[in-house]
Amino acid sequence: MTIDKEIKEMGHDLLQFAKSDADFTAQRGIVDDLFPYIYQASKRMSTRAISRWLEEVHDVKLSAVTIAKALRESNKYWELFWERIEPSARIFEEAHDVDMKDFLFDVQLFRGLRDGGGNVAVSGAAGYKEYQRACAVLNSEWFVFNKDVWTQCWGYMSEGEPEKVESDNDKKFTENASKGDKK
């Protein structure tokens, strides 16, 4: 069975157009990289609004359906995000002998240790460079998000389900609420 000459020409023309003239619409992997941003934005914006904003401001065509699906099936995206963060977190953890969860949920502790609040246990100049890269990754890819993103990501990586990490404000609210119940 052979393909009709006209269909071959049509196919060839389509490929030429795709290579030269068509807008790049595939956006393969963009959801993987944007997911934590999409997740945080989804707390204040609809998937349609996120899709529209990406297209209008950055000329990125990502459908509301794709965004909604990523949010529904978020485990895969949290895992990919954690794979970018974990090596740097491990380096920082070992350099300061501090449990990863402690500094990943406390930006002041992270910055205090990073900026000289503790001894840095690294091996030579190469080890120190690796440590500096790890600090840069954590600062630019983890600490740009809020605790909700951290909690979601950490929860999926620790047990496959989000874990609730209470902030001091949450604890005060819970204490005050329980005092109010006793009156």
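Residues numbered from 1 in each chain as written. Predicted model: local features only at pLDDT ≥ 70, side-chain atom pairs only at ≥ 80, totals over all residues. Heavy atoms only, no water.

*Asks:* Got a minute to help me understand the packing of aromatic side chains in this structure?
*Replies:* Each pair of aromatic rings is reported with the distance of its centres and the angle of its planes. Tallying each qualifying case throughout the model produces 19 aromatic pairs. Plain terms: the ring middles of Trp-82 and Trp-142 are 6.1 Å apart, the flat faces sit at 70° to each other, and that makes the pair edge-to-face. One end of the pair, Trp-82, is in helix H5 (residues 75–96); the other, Trp-142, is in helix H8 (residues 124–142), and 60 residues separate them in sequence. Relative accessible area serves as the criterion here: at 7%, Trp-82 is assigned to the buried category. (Phe/Tyr/Trp six-rings, centres within 6.5 Å; stacked < 30°, edge-to-face > 60°. Helix = DSSP H or I, 4+ residues; strand = E, 2+ residues; numbered from the N terminus. Buried < 20%, exposed > 50% of the residue type's maximum accessible area, 1.4 Å probe, protein only.)

*Asks:* Mind showing me how you'd approach the pattern of salt bridges here?
*Replies:* Two side chains bearing opposite charge may form a pair once their charged atoms approach each other closely. On inspection of all chains with the given rule, the structure shows 5 salt bridges. Two residues, Arg-84 and Glu-141, come together in a salt bridge whose shortest N-O distance is 3.3 Å. Taken together, the positions of Arg-84 in helix H5 and Glu-141 in helix H8 put the pair 57 residues apart, joining distant regions of the chain. On the basis of relative accessible area, Arg-84 is assigned to the partly exposed category, the value being 29%. Where Glu-93 meets Arg-90, a salt bridge forms, and the shortest distance between an N and an O atom there is 3.4 Å. Separated by 3 residues within a single helix, Glu-93 and Arg-90 lie in helix H5, roughly one turn from each other. With relative accessibility at 37%, the residue Arg-90 sits in the partly exposed group. Among the ionic contacts, a cluster of salt bridges with common partners joins Asp-33, Arg-84 and Glu-141. (Salt bridge = Lys/Arg side-chain N within 4 Å of Asp/Glu carboxyl O.)

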